[in-house]
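Spelled out, the chains give:
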Amino acid sequence: FSSNIQDDPPACATRFHRLPGNIDTATTTSVYAFSSVNSSKSTTPAYAPSASSNTNKDSLARVKQWSTSSPMVDETFDVLCKGGTVLCPTIVGYSLFALDGKEGAAKLDKVKRRENNPYGVVGSEATFSRLFSGRTAPLMKNDFCSDMFLSFVSSDSVSNEARDQLRISRAVGPSDEVAMWINSGPVFDTIIEKVEAKYEGTRYILVSSGNLSGNGNPKSSTFSIDAIDDEILARVDMVVDTPHWSDPELDENGRWYSAPMFDMDSCAFRRVGKNMETASVVLSLFHEIDVDNSQAIDLEEFKVFFKSGRIGKELANLPEEEVETMFQLIDEDGSGELDFEEMYSFLSSNKSVSFNIDTIKFIQPATPLL
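Residues numbered from 1 in each chain as written. Predicted model: local features only at pLDDT ≥ 70, side-chain atom pairs only at ≥ 80, totals over all residues. Heavy atoms only, no water.

**Overview of the pairing of strand β6 (residues 150-154)**
Burial within β6 is extensive, with five of its five residues counted as buried. Neither face of β6 is open: one carries Leu150, Phe152 and Ser154, the other Ser151 and Val153, and all of them are buried. Pairing analysis gives three bridges linking β6 to strand β10 (residues 261-263), with the strands arranged parallel. Within the sheet, the bridge partner assigned to Phe152 lies in β10 and is Phe262. (Buried < 20%, exposed > 50% of the residue type's maximum accessible area, 1.4 Å probe, protein only. Helix = DSSP H or I, 4+ residues; strand = E, 2+ residues; numbered from the N terminus. Pairing = 2+ DSSP bridges.)

Structure follows, in structure tokens:
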């Protein structure tokens, strides 16, 4: 592509090739893959990610622009609507998608060689509200989450209607919990919008990792389609292989980190993952202050923690009325208690010069993350 991101790129830039697909449709279904063609200057895509940072903001902006106009995105949407499976780039690498229903789950089973394990759901904030009885997604208010594919799981908040619908797709866990991923990345977020508009909130999109069951995430220092299992690539109906806009974070085994999974019922992370440093620090602090484990911090708990000196003498010596004023600033809904999202929103936005994410980073957690 040129720097202006065109649907039909010039010969010297990056372009996509059509490969035979696996879905029977009235027209030929294609698997799209990008590859660089001959150029006297460079074979590097115009918006390839920078190795010096986890997310290249310029690359991300260009992919967002491209995803709103590319015919490949339209065809990906078409494949989903016709019951196909899609492998698409996300913030954590590549993920598999299909529309909900028995057919969608069965097709994902075939691609992944998987049986019985439940699938997750991916969607927008509107999907989240519909699935979790009108709730808004925790942690998603701040810029911190702009490059964070985050999973939320709950049993208590799932609407009965959604649970009944998703049970058919094997997207309900053994404790009646449902997991939903949000903020998947610019390409699939555009497709999500199209699905929401077409089906008017009556369908869900199933999601799973882009690897064979039991194999674990790929081992690679870059997000590349070459790291995906050949069996996955051979069985999936469509591959969207754009140059990625970011680099992976690797676990101790050199594998790509998955999306973090936040349990809304227990206010704890079931699984750590990519780009979650701020959330994990705030959650540790939250549990440190919440001594009665009520999942809410009252004014007395807040005062006791400040007086303890665990975050320095300056805050320990604050007049009581100033501590109360800070508590009221954090308590956005005026309930008299602080929930995790209120604490996260306040600390990560640096509304206070003395009580913010930088001043609490080195507090040793009393309660380990799950």
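**Quick word on helix α6 (residues 186-199)**
In this model α6 runs 20 Å from its N-terminal to its C-terminal C-alpha over 14 residues, within 8% of the 20 Å that 1.5 Å per residue would give. Within α6, burial applies to Pro186, Val187, Phe188, Thr190, Ile191, Ile192, Val195, Glu196 and Tyr199. (Expected span 1.5 Å × (residues − 1).)

**Section: the environment of Leu99**
Following the sequence through the fold, Leu99 ends up in strand β4 (residues 93-99). Separated by 15 residues in the primary sequence, Leu99 and Gly84 place their C-alpha atoms 7.9 Å from one another. With near-sequence residues (within four places) excluded, Leu99 lies in contact with Leu80, Cys81, Gly104, Val195, Tyr199, Arg203, Tyr204, Ile205 and Leu206. (Contact = heavy atoms within 4.5 Å.)

**Some points on the confidence of the model for the protein**
Averaged over all residues, the pLDDT of the protein equals 78, while 78% of them reach at least 70. Looking at the elements of the protein, mean pLDDT is at its lowest for strand β1 (residues 14-20), recorded as 31, and at its highest for helix α5 (residues 160-167), recorded as 97. This model gives residues 364-370 a pLDDT under 50, and the stretch forms 15 contacts once residues within four places in sequence are excluded. (pLDDT = per-residue confidence, 0-100.)

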